[in-house]
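Spelled out from the first residue to the last, the chains are:
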Amino acid sequence: MRLTKARQKQLLDQNDGFTKRTYYEGNNSREERIYKVSEGKLHIRASGKTSWADSHYNDEWVANDEETHRFLYRHKDEMNTDGIE
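A.B. asks: Is there a simple way to think about the packing of helix α1 (residues 5-14) against helix α2 (residues 65-75) in this case?
C.D. replies: Angle between the axes and distance between the axes are the two parameters that describe a pair of packed helices. As a packed pair, α1 and α2 sit with axes 11 Å apart at the nearest point and diverge in direction by 70°. In this view, α1 runs roughly perpendicular relative to α2, as classed from their interaxial angle. For the pair α1 and α2, the contacting residues are K5, Q8, L11 and L12 in the first and D65, T68, H69 and L72 in the second. Within the contact of α1 with α2, the residues separate by chemical class into 3 nonpolar, 3 polar and 2 charged.

A.B. asks: Which parts of the structure should I look at to understand the nonpolar core?
C.D. replies: In globular proteins that are soluble, nonpolar side chains generally tend to be buried together. Core analysis: the biggest nonpolar cluster contains 13 residues, and L11, V37, L42, F71, L72 and M79 have the highest contact counts within it. Within the residue set of this core, elements represented by two or more residues are α1, β2 (29-38), β3 (41-50) and α2.

A.B. asks: It is not clear to me how α2 should be interpreted in this structure. Could you clarify?
C.D. replies: Owing to its 3.6 residues per turn, the α-helix brings residues three or four apart onto one side. Taken together, the buried positions of α2 are occupied by E67, T68, F71, L72 and H75. Buried residues of α2, viewed axially, fall in a sector of 125°; they line one side. Residues of α2 that are exposed and point over 90 degrees away from its buried face: D65, E66 and R74. The secondary structure elements touched by the buried residues of α2 are α1, β1 (19-25), β2, β3 and β4 (57-62). Near the N-terminus of α2, the side chain that reaches the backbone nitrogen of E66, with its oxygen 3.1 Å away, is that of N64.

A.B. asks: I would appreciate a short explanation of the sheet that holds β4 in the present structure.
C.D. replies: Pairing between the strands of a sheet comes from backbone hydrogen bonds, and it takes one of two forms, parallel or antiparallel. Read from one edge of the open sheet, 4 strands run β1-β2-β3-β4, paired in antiparallel fashion. Pairing within the sheet leaves two strands with one partner each, and these edge strands are β1 and β4. With direction set aside, neighbouring strand axes in the sheet form an average angle of 15°. Judged from the 6 bridges that link them, β3 and β4 form a sheet pairing that is antiparallel. Within β4, the residue paired with H43 across the bridge is V62. The strands touched by α2 are β1, β2, β3 and β4; relative to β3, the strand with the most contacts, the crossing angle is about 90°.

A.B. asks: What exactly am I supposed to notice about α1 here?
C.D. replies: Buried residues of α1: Q8, L11 and L12, and no others. Taken around the axis of α1, the buried residues stretch over an arc of 95°, which confines them to a single face. Tucked inside the fold, the buried residues of α1 contact β2, β3 and α2.

Reading guide: rules and limits
Residues numbered from 1 in each chain as written. Predicted model: local features only at pLDDT ≥ 70, side-chain atom pairs only at ≥ 80, totals over all residues. Heavy atoms only, no water. Axes fitted to C-alpha atoms, helices over the stretch in contact; angles between N-to-C directions. Helix = DSSP H or I, 4+ residues; strand = E, 2+ residues; numbered from the N terminus. Parallel < 35°, antiparallel > 145°, perpendicular 65-115°, else oblique. Contact = heavy atoms within 4.5 Å. Nonpolar A, V, L, I, M, F, W, Y, C, P; charged D, E, K, R; others polar. Core = buried A, V, L, I, M, F, W, Y, C linked by side-chain atoms within 4.5 Å. Buried < 20%, exposed > 50% of the residue type's maximum accessible area, 1.4 Å probe, protein only. Arc of directions from axis to C-beta. Polar contact = N/O pair within 3.5 Å; in protein donor to acceptor, adjacent residues only side chain to side chain. Pairing = 2+ DSSP bridges.

This is the structure:
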């Protein structure tokens, strides 16, 4: 399925409340991201730590077009795609 803007909007609209957690751990950092679809938008919360002192972070934002497309492409098989052609 090709993720046009119309299909992205339809996926977001019919998956309101969908939540996905991802984790990353590297040599000098670790991060947890929580993605949540709400009101037709993808919200992202990232929290983690790097190797620097006082390097904890906890950020939250609404995904831009590129982040939204990438997320939907990776996780569309876990979402409700009924009626999307």
